[in-house]
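Examining the three-dimensional arrangement
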Amino acid sequence: MPAPLSNRFCPQRERHPERIVQFGGGNFLRGFVDWVVDVLNTETDFGGGIVIVKATPGTYEVLDEQDCLFTTYLHVIQAGELVEETRLISAVNRSVYPYQDIAAYLALARQPELRFIFSNTTESGIVYSAADRFSDEPPASFPAKLTRFLYERYQHFTGAPARGCIIIPTELIVDNATRLREIVLQFAALWRLEAGFSRWITAHNIFCNTLVDRIISGFPQADAARVFDQLGYEDRLLAAGEIYHSWIIEADRSLLDEFPVDKTETALNVRVVDDAAPYRTIKVRLLNGAHTSMAPLGILLGIESVREAMEHEALATFITDLIFQEVIPSVSEIPRGELEVFARDVFDRFRNPNIHHRLLTIALNSASKVKERLLPSLHGYLAETGELPERLVIAFAAFVRLYRGEWQGSSIGLNDDPEVLTWFKTQWAEADSLDALVYRVLGNEALWECDLTDLPGLAPMLTETLREIEAGELLALLRRTAS
């Protein structure tokens, strides 16, 4: 085995000024955002060093041991041939741990060169919690941590306009930056911070809504030894993913003066646009909708990954029909031809044999994903056709069954808000019939932001579908919908 990755394998490493604070150090941020920043540092005069802040307790032990170096391992199938691309990412300078050293965290806010803040704290990360207090070291939620960070900066620089930040969240929720700013202002009011701080946030900090797209499947266990031999070092943070990427940033074009993604030799599919909504609709309803439909069905069928799902004769046909016959017809505001081209590209990406994207990973926080990714298509299809979309209802039923937490005598390792998981488990335990269970689920306005029992015919269709799943007829159910 080659020697572990460290600075000895990057002798010409340049330490750039710490212009970026990044909340989170997971696979996606490392394989996408940090990759983009590294390209900018190499090919333009951007010169931005990253400080990673761990938004939850614990440390990034391996990252620190590797001197904050890691490698992206990207691949694509072109003309039937595997194309691989590796890049040693050296843009991260250090990591900071608020739960261990709140002073270092607040000191970071006082650094004058800081300009950008990136984040990916999952779909459930951008939430308001009135339990968070200014005096907490640190506050628990990400928005509360950010508010405390920005207030420290505001105070230290006495509200100087030039010390505001460009905040670019990548969490997959609608208008992520707009929501984040709203919560920061909520905390400013809750904590009774002076009015000048709220004015500074609004006038001198730029919050950019975004849409991101790159499948980062994480550590490539099967390929790791071969890749290590090629690299000449062992990288325990090796991040495998696809070469394809897209980053839509909703902002004024002047952002490119500071974030010059249009000036690189490497083709970066990063666009600064006036309105991200159409791009979001396409990506969330088609790509993410396919993932969120596929995950519970695949898990119940014993399938581990997206690629395996696309090789399964019944599930692959079902998901393809779901997208082309139910989701695309539900998106009336975008030309059908554009949607079909995007969908075909999505399924080509799903079939990439070198991407091992686990369905249980995709199932993370599925309750919020169903709300954001499936229900708009269900509503849209009903509005366009006057009928319920059979396949989307089946996917919804599979989600409800998955959240029982067990299947065929074995527990399922679900990862979601503990309150959500407990609520579903309680409904399954206490409901005296599937009809009662379905009415409780559909009527949970806290989950769906509406009462789904109002949709004509949905409750009986969902109940009957769950009954068939419980009877072991899931595979037959999928095959019956084949066009």
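Calculation criteria
- Residues numbered from 1 in each chain as written.
- Predicted model: local features only at pLDDT ≥ 70, side-chain atom pairs only at ≥ 80, totals over all residues.
- Heavy atoms only, no water.
- Buried < 20%, exposed > 50% of the residue type's maximum accessible area, 1.4 Å probe, protein only.
- Helix = DSSP H or I, 4+ residues; strand = E, 2+ residues; numbered from the N terminus.
- Pairing = 2+ DSSP bridges.
- Salt bridge = Lys/Arg side-chain N within 4 Å of Asp/Glu carboxyl O.
- Expected span 1.5 Å × (residues − 1).
- Arc of directions from axis to C-beta.
- Contact = heavy atoms within 4.5 Å.
- Polar contact = N/O pair within 3.5 Å; in protein donor to acceptor, adjacent residues only side chain to side chain.
- Core = buried A, V, L, I, M, F, W, Y, C linked by side-chain atoms within 4.5 Å.
- Right-handed = clockwise from strand over helix to strand, strands pointing away.

Here strand 7 (residues 166-169) shows no split at all, with Ile166 and Ile168 on one side and Ile167 and Pro169 on the other all buried. Relative to strand 7, strand 6 (residues 116-119) runs parallel, the two being bridged by four bridges. The residue of strand 7 that forms the bridge with Phe118 is Ile168. In this sheet, strand 8 (residues 206-207) lies alongside strand 7 in parallel orientation, the contact comprising two bridges.

All chains considered together, the criterion is met by 28 salt bridges. The salt bridge partner of Glu304 is Arg358, with a shortest N-O separation of 3.8 Å. Here Glu304, found in the loop between helix 9 (277-300) and helix 10 (306-310), pairs with Arg358, found in the loop between helix 12 (336-350) and helix 13 (359-362); they are 54 residues apart in sequence, far enough to count as distant. Taking relative accessible area as the criterion, Glu304 reaches 40% and is therefore assigned partly exposed. For Arg358, a relative accessible area of 36% translates into the label partly exposed. Residue Arg401 pairs with Glu470 through a salt bridge whose shortest N-O separation is 2.4 Å. Note that Arg401 is positioned in helix 15 (residues 390-402) and Glu470 in helix 19 (residues 458-470), a separation of 69 residues in sequence.

Over its 13 residues, helix 16 (residues 418-430) extends 18 Å from the first C-alpha to the last, a length consistent with the 18 Å expected when each residue adds 1.5 Å. By the burial criterion, the buried members of helix 16 are Val420, Phe424, Gln427 and Trp428. Angularly, the buried residues of helix 16 cover 95 degrees about the axis, an arc narrow enough to put them on a single face. What points out from helix 16, more than 90 degrees from its buried face, is the exposed set Pro418, Glu419, Lys425, Ala429 and Glu430. Buried positions along helix 16 lie against helix 14 (366-385), helix 15, helix 17 (434-442), helix 18 (445-448) and helix 19. Sitting at the head of helix 16, Asp417 places a side-chain oxygen 2.8 Å from the backbone nitrogen of Glu419.

Generally speaking, a soluble globular protein has its nonpolar side chains buried in company with each other. One finds Leu297, Phe350 and Phe396 to be the most contacted residues of the largest nonpolar core, which totals 78 residues. Apart from the residues lying within four places of it in its own chain, the contact partners of Phe396 are Val370, Leu375, Leu442, Trp448, Leu452 and Leu462. Membership of the second largest hydrophobic core comes to 41 residues, among which are Leu29, Phe46, Ile166 and Val270.

Moving on to unusual backbone geometry. Along the chain, Glu137 connects to Pro138 via a cis peptide bond; the corresponding omega equals -5 degrees. Positive phi outside glycine occurs at Cys68, with the angle close to 60 degrees. Tracing the sequence through the fold places Cys68 in the loop between helix 2 (61-65) and strand 3 (70-78). Its identity is not glycine, yet Asn365 carries a phi of approximately 55 degrees, on the positive side. Locating Asn365 in the fold gives a position in the loop between helix 13 and helix 14. Assessed through its relative accessible area of 3%, Asn365 is described here as buried.

Let us look at the environment of Phe347. Assignment of secondary structure puts Phe347 in helix 12. Taking relative accessible area as the criterion, Phe347 reaches 4% and is therefore assigned buried. Taking the C-alpha atoms as reference points, Phe347 and Tyr60, 287 residues apart in sequence, are found 34 Å from one another. In this structure, Phe347 is in contact with Met310, Ile319, Thr320, Ile323 and Phe324, ignoring residues within four places of it in sequence.

Before going further, it helps to examine the pairing of strand 2 (residues 49-53). Burial of strand 2 is extensive: five of the five residues sit out of reach of the surface. Covered by surrounding structure in strand 2 are Gly49, Val51 and Val53 together with Ile50 and Ile52, the residues of both alternating faces. Bridge count for strand 1 (residues 18-23) against strand 2 is five bridges, and the pairing is parallel. The residue of strand 2 that forms the bridge with Glu18 is Gly49. Crossover handedness for the path strand 1 to helix 1 (residues 27-43) to strand 2: right-handed. Two strands pair when backbone bridges link them, and strand 2 and strand 5 (residues 92-96) are joined in this way by four bridges, in the parallel orientation. Bridge pairing in strand 5 places Val53 opposite Val96.

The quantities given are spatial measurements derived from coordinates; they are silent on function.
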